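Residue strings, one per chain:
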Amino acid sequence: MSTDDTLEECIDDAAETVAPAWPLHSFVTVNPLSGFEDRPFHEAVADAEDVLGGRGYPSADVFRRAWEAGRIDPERLRTELAAHGHETDPEASLERLAAAEAATDESETATDRVDAVLSKWLSAFLDQGQAEWPMPDREQGFYDAFRAVARYDDEIPDAGAVADLPDDPLEAVRERLVDRPVAEWPEILERQFAALPGWTGLLRRRADDGGAWQSAYPITPAGYLAVRLALVDLFDAPLAPEGDDPETDADGVPPAEVWLDAWEASYRSRLVDALETSPTRDGGRPDAQLVFCIDTRSEIIRRHVEAAGDYETHGYAGFFGIPMRHAGYDADVTVDACPPIVDARHRIADRPADGADDARAAYDRRSGILEAGRSAVKQVRSNAATAFSFVENAGAGYGAALAARTLLPGRVYDLLTAADDRTPGVHEFCEPTVDYNPDAVHDLREGLILEEKVDYAAAAFELMGWEEFARVVVFVGHASRTANNPFDASLDCGACAGNPGGPNARVLAAICNDEAVQAALRDRGIDVPEDTVFLAGEHNTTTDEVELYDDAIPESHAADVERLRADLEAARAGAAAERVGDMGAEGAGVRETERRAADWAETRPEWGLAGNAALVVGPRALTDDLDLDGRAFLHSYDPATDPDGDALEAIVAGPMVVAQWINAQYYFATVDNAAYGSGSKVTQNPVGNVGVYQGNGGDLQTGLPAQSLVGADGQPYHQPLRLSVVVYAPVDRVTEVLADAEVTGLLDDGWLSLTVVDPEQDGRAFDYEGDLEWSAWSEASAPATERATPPSADDDD
């Protein structure tokens, strides 16, 4: 292999070290240590700490709080500590953990100065429309644009030398490595690429995915490294780190890993003990069936919906199995409303329906007025000739508006809601372009053919194990509503890549209402009754309002839908009261959620998925009547309808992987928010429409903010546990699925755990031990006949 090929391979490998990052307007949850997932967990966190500088385990103080709250089983902890040769006295072990948490040196280094200058140029180049004066020569690509303009940067020593860099970025990289043995290249490039993991994560995703911004202003890993290594040379910063390799424990498993294992095993034991291990579905046809996303926030609203009436709820991935690129009615760009592990296959647009001209005109009129106002204000504020006079003349009005938004956010919410109610929504005059349109010319084919419609509908019902249908079936997507929140997309649907799930729900409802689709489903053994009507809806996770898109409901079902709407309001009240209580507002309810949604000073409008700890795959009766405290992803599955394991295979390959990503991001952002999160919202500043800084510069902060994880008292609300998966299925069937599943490697390496409750063995539980081997729960630890209380986020309260 030539040195050119070797260098390119080293650069490609270095880019894999950092996790891909998406712009905040399309927030995608991802494991920040995804580049280290090919090794056991304890090795990965050690390597990541060495390369990325982040801690990989909860602090001794967090473990102590869990221990004192009774969340960790003492016998399990002592046994595991002894098995790995560690101090078995918990108090002494905690003291050693605390002593090992040494302070770090905060003095500025030459590498810090390289990071600061490079971050400045990256923010200028990667800007997506925020800057009034964009960086010159961006169309030439990052490397060439930097060479053209950075020569004038007085923060760079001998900046004129930048213009003398080689034309080829690979040659520039090679020049910096020429005095180093080729064997050292991989580590050097890996560490240089990982020095700014936020910016390089965004770079990696942008270079891999292409797209409009990358086409217009290209940036490559080679170009980035050429610039970075040039700055390293000019600032006389070290090319490779210096120092000894860190010491490791005798058997490689540190005591913090043992504490974490024991904590997770204790949680898992209580969870499985609480399950109904012989679930049966109640007889009779429910008044309605509602399909929610598997999102942990759905667990709360589902409980309250079921308590409000004779309703049956189910869990399914929130993109509803439709791999679509959505073009909103008045959106400037399209979005891929499906998980990153799934490629969008269909373009679905909001198309004005026949006979809805009045509603469309009203919507356009209001949108036009608002857009014209925003544009005029922006032009006046940014014009040097008018900016000061505008402030002087409009100051009183702005002051009143600021005071209202600050002091009366609930009233502002009422005004905005009233304005929205007077204006038709897009769903009232638009239909999704579900039918295949051969005349539309786009990157993706618009619409779906009949066979695809049938496949998506059948997949939904087969994965959830449906055998009967209510008169009304509602697919409920979810979104959030917040003010002044750069991280608003992190509260939307993760399965839709940080976008609202309502459009996907509308597509599946339209598919299932198609008579041709229903006829084809009957040929596949799925009999949809003639009186079943499918609706779409959207759950606002900030206020717990569920909006039904019922504009085309037949008169025969009007009373059913009206009753459902009333019961959804009752469910909202119960769910809202529960959630705001978790945020310290005991006794409050819907009004408090509305205040949080409208308050632009509110740093914690909702908890999002904080607290997530488990994924339960099985029939609803498995967790029926249990309060899982919004900590569990719930995916419907019935092993009786899946003898070949095809549905289970799809769940393991899709939702299980996505849930692990979400869990890992919350875990690492909690254990080290500075390295894997984004710090406090109070000191953040948006940059380039792609992310946030801490302060006025530095690395792009791509993880979750502290307020999404930590309570007002400074203590973690999110308990940092790796995902515990519980599957209700025969253990042999699960073994067959795992034999060919990519997630098996993560299980073997301890990134998540798996427990199977086997219906063919009287509900006995089996823990996955690795290499497709299982250990059966003993009689002492087997699921109880009487259901126990599942663990909650506030067991110590």
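Predicted, not measured: the structure shown is a model, and the values here were computed from it.

S.K.: Mind showing me how you'd approach the overall build of the protein chain here?
M.R.: Each helix and strand counted, the protein chain has 28 helices and 19 strands in total. Counting the 797 residues in the protein chain, one finds 54% classified as buried. Only carbon and sulfur atoms are counted for the fraction: they give 47% of the accessible area of the protein chain, which is about 34,400 Å². In the protein chain, which carries 63 positive and 152 negative side-chain charges, the distance between the mean positions of the two groups comes to 6 Å.

S.K.: Just to check I follow, could you spell out the pattern of salt bridges for this structure?
M.R.: Opposite charge on two side chains makes pairing possible when the charged atoms of those side chains draw close. Enumeration over the complete set of coordinates arrives at 51 salt bridges. Note that E171 and R174 form a salt bridge whose closest N and O atoms lie 2.4 Å from each other. Linking E171 with R174, this pair stays in helix α8 (residues 169-177), spanning three residues, or about one helical turn. For E171, a relative accessible area of 31% gives the class partly exposed. Here D514 makes a salt bridge to K453, at a shortest N to O gap of 3.4 Å.

S.K.: Looking at this structure, I do not really get the nonpolar core. What am I missing?
M.R.: Burial of nonpolar side chains together is a common tendency in soluble globular proteins. Grouped together as the largest cluster of nonpolar side chains are 199 residues, with contacts concentrated most on L189, W199, F461, F475, F668 and L754. In terms of residue count, the dominant contributor to this core is helix α25 (residues 655-671) (twelve residues). Look past the residues within four positions of L754 in its chain and what remains in contact with it is V725, V727, V734, L738, L747, F766, D767, Y768 and W774. With 19 residues, the next largest nonpolar core counts L290, F292, Y311 and V474 among its residues.

S.K.: Even after reading the chapter, I still don't get the sheet that holds strand β16 (residues 724-728), so can you show me in this structure?
M.R.: Sheets are built from strands that pair by backbone hydrogen bonding, the pairs being arranged parallel or antiparallel. The six strands are arranged β12-β11-β16-β17-β18-β19 in an open sheet whose pairing can be described as mixed. Either end of the sheet is taken by a strand with one partner, and the two such strands are β12 (632-636) and β19 (773-776). Within this sheet the neighbouring strands show an average axis-to-axis angle of 25°, counted without direction. The sheet contact formed by strand β11 (residues 614-618) and β16 spans four bridges and is parallel. Residue pairing for β16: L615 is matched across the bridge by V725. Contacts from helix α13 (residues 255-274) reach β11, β16, β17 (753-758) and β18 (764-770) within the one sheet, and its direction differs from that of β16 by about 30°. Sheet strands touched by α25: β11, β12 and β16. Its angle to β12, the strand with the most contacts, is close to 170°.

S.K.: Explain helix α6 (residues 110-125) here, please?
M.R.: Quick reminder: α-helices carry 3.6 residues per turn. Residues three or four places apart thus point the same way. Here α6 contains 16 residues, and its C-alpha end-to-end distance of 23 Å stays within 8% of the 22 Å for a straight helix at 1.5 Å per residue. Those residues of α6 that are buried lie in contact with α7 (142-149), α10 (197-209), α12 (221-234), β13 (684-687), β14 (691-694) and β15 (697-701).

S.K.: I tried to follow empty space enclosed by the protein on my own but got confused; where do I start?
M.R.: One water molecule sets the probe size; rolling that probe over the atoms shows where empty space is left. A complete count under the given rule lists eight cavities of 30 Å³ or more for this structure. The space that makes up the largest cavity amounts to roughly 120 Å³. Taken together, T296, R297, I300, R579, D582, E606, W607, G608, A610, D629, G630 and Y717 make up the lining of the largest cavity. Mapped onto the lining of the largest cavity, the elements with two or more residues apiece are α14 (296-308) and α22 (558-582). When residues of the lining of the largest cavity are assigned to their parent elements, the largest contribution, three residues, is made by α14. The class makeup of the residues in the lining of the largest cavity is four nonpolar, three polar and five charged.

S.K.: Where do I start with the side chain of R228 in this structure?
M.R.: Among the secondary structure elements, R228 is positioned in helix α12. The exposure class of R228 is buried, given its relative accessible area of 1%. Those residues within four positions of R228 in sequence are excluded, and the remaining contacts are T111, V114, D115, L118, Q192, A195 and L196.

S.K.: Which parts of the structure should I look at to understand a negative patch on the surface?
M.R.: Together, D5, E8, E9, D12, D13 and D168 make up a negatively charged patch on the protein surface. When you line up the elements, D12 lands in helix α1 (residues 3-15).

S.K.: Mind showing me how you'd approach the environment of G129 here?
M.R.: Within the element layout of this structure, G129 appears in the loop between α6 and α7. For the pair formed by G129 and N689, sequence separation is 560 residues and the distance between their alpha carbons is 6.8 Å. Excluding anything up to four places from it in sequence, G129 contacts W213 and N689.

S.K.: In this structure, what is going on with the sheet that holds strand β9 (residues 533-540)? I would like to understand it.
M.R.: With mixed pairing, five strands are arranged side by side in an open sheet as β2-β1-β8-β9-β10. Unpaired on one side and paired on the other, β2 (311-316) and β10 (546-549) mark the two borders of the sheet. Mean inter-strand twist for the sheet, computed between neighbouring axes without regard to direction, equals 25°. Taken together, the six bridges between strand β1 (residues 288-293) and β2 define a ladder with parallel strand orientation. Across the sheet, the residue bridging to A288 is Y311, located in β2. Across the sheet, helix α19 (residues 450-464) is in contact with β1, β2, β8 (472-479) and β9; its angle to β2 comes to roughly 105°. Contacts from helix α20 (residues 502-513) reach β8, β9 and β10 within the one sheet, and its direction differs from that of β9 by about 170°.

About the criteria used
Residues numbered from 1 in each chain as written. Predicted model: local features only at pLDDT ≥ 70, side-chain atom pairs only at ≥ 80, totals over all residues. Heavy atoms only, no water. Helix = DSSP H or I, 4+ residues; strand = E, 2+ residues; numbered from the N terminus. Buried < 20%, exposed > 50% of the residue type's maximum accessible area, 1.4 Å probe, protein only. Areas by Shrake-Rupley, 256 points an atom, 1.4 Å probe, with all protein chains shown as cover. Lys, Arg positive; Asp, Glu negative; His and termini not counted. Charge placed at Lys NZ, Arg CZ, Asp CG, Glu CD. Salt bridge = Lys/Arg side-chain N within 4 Å of Asp/Glu carboxyl O. Core = buried A, V, L, I, M, F, W, Y, C linked by side-chain atoms within 4.5 Å. Contact = heavy atoms within 4.5 Å. Pairing = 2+ DSSP bridges. Axes fitted to C-alpha atoms, helices over the stretch in contact; angles between N-to-C directions. Expected span 1.5 Å × (residues − 1). 1 Å grid on protein atoms, 1.4 Å probe; cavity = no way out; pocket = protein on both sides within 12 Å on 5 of 7 lines; lining within 4 Å. Points joined across faces, edges and corners; volume = space filled by probe spheres on them. Nonpolar A, V, L, I, M, F, W, Y, C, P; charged D, E, K, R; others polar. Patch = residues over 30% accessible without salt bridge, like charges linked within 9 Å, V, L, I, M, F, W, Y side chains within 5 Å.

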